[in-house]
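Fold and geometry: a report
So you can see what is in the structure, the chains are spelled out below.
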Protein chains: 2
Amino acid sequence: MMIKKKIQIKEDIFSSNDQQAEAIRLLLDQHKLFSINIMASPGAGKTSLIEHTIGLLRNELHILVIDGDIATSIDAERAKAAGAASIQINTGGGCHLDAFMVDKALSDVNLAQFDLLIVENVGNLVCPASFQLGTHKNILVASIPEGDDKPYKYPGMYQGVDGLVINKIDLMPYVPFRMDYFLAGIELLNPGIEKFMVSCSTREGIKEWSEWLVNQVRSKRSLPRTTG
Amino acid sequence: MMIKKKIQIKEDIFSSNDQQAEAIRLLLDQHKLFSINIMASPGAGKTSLIEHTIGLLRNELHILVIDGDIATSIDAERAKAAGAASIQINTGGGCHLDAFMVDKALSDVNLAQFDLLIVENVGNLVCPASFQLGTHKNILVASIPEGDDKPYKYPGMYQGVDGLVINKIDLMPYVPFRMDYFLAGIELLNPGIEKFMVSCSTREGIKEWSEWLVNQVRSKRSLPRTTG
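To keep things clear, this report deals only with the structure shown in the data block. What you are looking at is a predicted structure, and each value in this text was computed from that prediction instead of being measured.

**Points about helix H7 (residues 179–189) of chain A**
All names here are of chain A. Here H7 has its buried residues at Met 179, Phe 182, Gly 185, Ile 186 and Leu 189. For H7, the angular spread of buried residues about the axis comes to 130°, placing them on one side. More than 90 degrees from the buried face of H7, the exposed residues found are Asp 180 and Leu 188. Turning to H7, the residues buried within the fold contact strand E5 (137–143), helix H5 (150–153), helix H6 (155–159), strand E6 (163–167) and strand E7 (194–197).

In structure tokens:
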């Protein structure tokens, strides 16, 4: 009985999160605001990727960043210093963002002034995969030093995303990493997924990734305005 | 009311986990079996560290490894190939091990034949910190490419461990990592914690770490047998 009760509550949490995520998606669509949710292990390079993306696109797009962290506002400060508006969410120990946190963060924002919303999730390759945030694309940042077996070991995350940024490719000569094996795992779980090879240190590939983002923003802008 | 109910259930889960962890600790003490719980981000090098530790100590100690993963038995197979007995726990999506999973894994094991139990947790820098497994020491593996801000951003994990292995120090020349800033964060959260600088690639520091482990095993052996 106790177990049944726990499962019931878990289902309630997921379904009410999904409803909130739907409401956020509708709101973003009304403002023709393209949005991504960036997920990764701790230290894969989410914040660095966001910094470089802002650096390249700050004159072209108005960017809002929501940074999710357990503690500190280091990431939001980095996004702000790079030239975007930023909001920090501290989860106070929580291992992922949920749609309610994002909704609260957006409540005082004039969405009409932005073209692109980037949500940076808590560094975690497990829990964030279960919580939709209402963003248009879920993006995973993998990094070379994490190892080539990660798709096989964290299938839920690799399966559930729409785009994959493979970061720290400049470290390929210094670590054992079989790219074939890694890509075979991805192909198995998420065939045809959009992939970007980048290095936030050398800036290789950042331009291609940023161009893809700009194209997504433009496609969203060209759509007819949704009525809620 | 709903929120209160959820909090109550959360407390129940933690407290019943702690009771189970206590029972495991008692069982391990009865067998004078020293045990560690190794936690880290995905790809920090837990499995490689365990492999090298087994490689150095396999003639000296009888080692049992319990490997926690969301999917696959890659890690348990690596531990077995290195020369230890190993048991795989697949959490089926779960983001951490708990004491009940460890208890179940140990249920068919003749503990008297082992000197050292190594539990490898799910790769996650958040959730495993909240679940004691009954092991004698909680060990965190950090790695250089993860970045020097991790103690500040994941304080719960850094605060709650008894030992810290800093892995991939061979990558120091290739990534931006301020060791002073990293160590200052650790000193703030966990002053005087036992630290080991290692590289699983060059094997630097593995001997010192392994010697510390052997000393822990010997101290445990020299204690009088606990009566349950």
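**Some points on the packing of helix H2 (residues 46–57) of chain A against helix H8 (residues 206–222) of chain A**
Residues and elements named next belong to chain A. Closest axis-to-axis distance for the H2/H8 pair is 10 Å, and the angle between their directions is 70°. Compared by their axis directions, H2 and H8 come out roughly perpendicular. Crossing handedness for the pair H2 and H8: right-handed. Of H8, the residues touching H2 (which contributes Leu 49, His 52, Thr 53, Leu 56 and Leu 57) are Ile 206, Lys 207, Trp 209, Ser 210, Leu 213 and Val 214. Class assignment of the residues belonging to the contact of H2 with H8 gives a composition of seven nonpolar, three polar and one charged.

**Some thoughts on the pairing of E6 of chain A**
All names here are of chain A. Among the five residues of E6, five are classified as buried, and the element is accordingly described as predominantly covered. Of the two faces of E6, the one lined by Gly 163, Val 165 and Asn 167 and the one lined by Leu 164 and Ile 166 are each fully buried. Of the pairings in the sheet, the one linking E6 to E7 comprises four bridges and is parallel in character. Looking across to E7, one finds that Val 165 is bridged to Phe 196. In this view, the connection linking E6 to its parallel neighbour E7 by way of H7 has right-handed handedness.

**Notes on the relation of the copies chain B and chain A**
Taken as rigid bodies, chain B and chain A are interconverted by a rotation of 180° and an axial shift of 0.0 Å, the fit giving an RMSD of 0.0 Å. On this basis, the relationship between the two copies can be described by a two-fold rotation axis. A share of 100% of the interface residues of chain B reappears at the interface of chain A, consistent with the copies meeting face to face through the same patch.

**Remarks on the sheet that holds E6 of chain A**
Residue and element names in this part refer to chain A. If you walk across this open sheet you meet the seven strands as E3-E2-E4-E1-E5-E6-E7, and the pairing is parallel. The sheet is open, and its two borders are formed by strand E3 (85–90) and E7, each paired with just one other strand. The sheet shows a mean angle of 20° between the axes of neighbouring strands, direction not considered. Sitting on the sheet, H2 is in contact with strand E1 (34–40), strand E2 (63–69), strand E4 (116–120), E5 and E6, with an inclination near 150° to E1. Its contacts with the sheet put helix H3 (residues 74–82) on E2, E3 and E4, and the angle it makes with E3 is roughly 175°.

Cut-offs applied
- Every chain is numbered independently, its residues counted from 1 as its sequence is written.
- Labels follow written order: the first chain is A, the first ligand is 1, and so on.
- Thresholds applied to this predicted model are a pLDDT of at least 70 for local features of residues and 80 or more for the giving and counting of side-chain atom pairs; totals over whole chains, interfaces and linings are not thresholded and use all residues.
- Each side-chain value is derived from all of the structure's non-hydrogen atoms; neither hydrogens nor water enter the calculation.
- Whether a residue is buried, partly exposed or exposed follows from its accessible area with a 1.4 Å probe, protein chains only, as a fraction of its type maximum: under 20%, in between, or over 50%, in that order.
- Put simply, DSSP marks the helices as runs of H or I at least four residues long and the strands as runs of E at least two long, and each gets a number from the N terminus on.
- By arc we mean the arc of the directions from the helix axis to the C-beta atoms, nothing more.
- Only heavy atoms matter for contacts: two residues are in contact if any of them lie within 4.5 Å across the pair.
- Lines fitted to C-alpha atoms define the axes, with helix axes restricted to the stretch in contact, and inter-axis angles between N-to-C directions lie between 0 and 180 degrees.
- Any angle that falls under 35 degrees is termed roughly parallel, while one over 145 is termed roughly antiparallel, one within 65 to 115 roughly perpendicular, and all others oblique.
- Each helix crossing is assigned a hand: it is left-handed if the near helix lies turned anticlockwise from the far helix by less than a right angle, otherwise right-handed if that turn is clockwise.
- Each residue receives one of three labels: charged for Asp, Glu, Lys and Arg, nonpolar for Ala, Val, Leu, Ile, Met, Phe, Trp, Tyr, Cys and Pro, and polar for the others, Gly being one of them.
- The criterion for strand pairing is that DSSP finds at least two bridges linking the strands in question.
- A crossover gets the label right-handed when its path from the first strand over the helix to the second runs clockwise, viewed with the strands pointing away from the viewer.
- The copies were overlaid by least squares, fitting only the C-alpha atoms of residues that reach a pLDDT of 70 or more in each copy.

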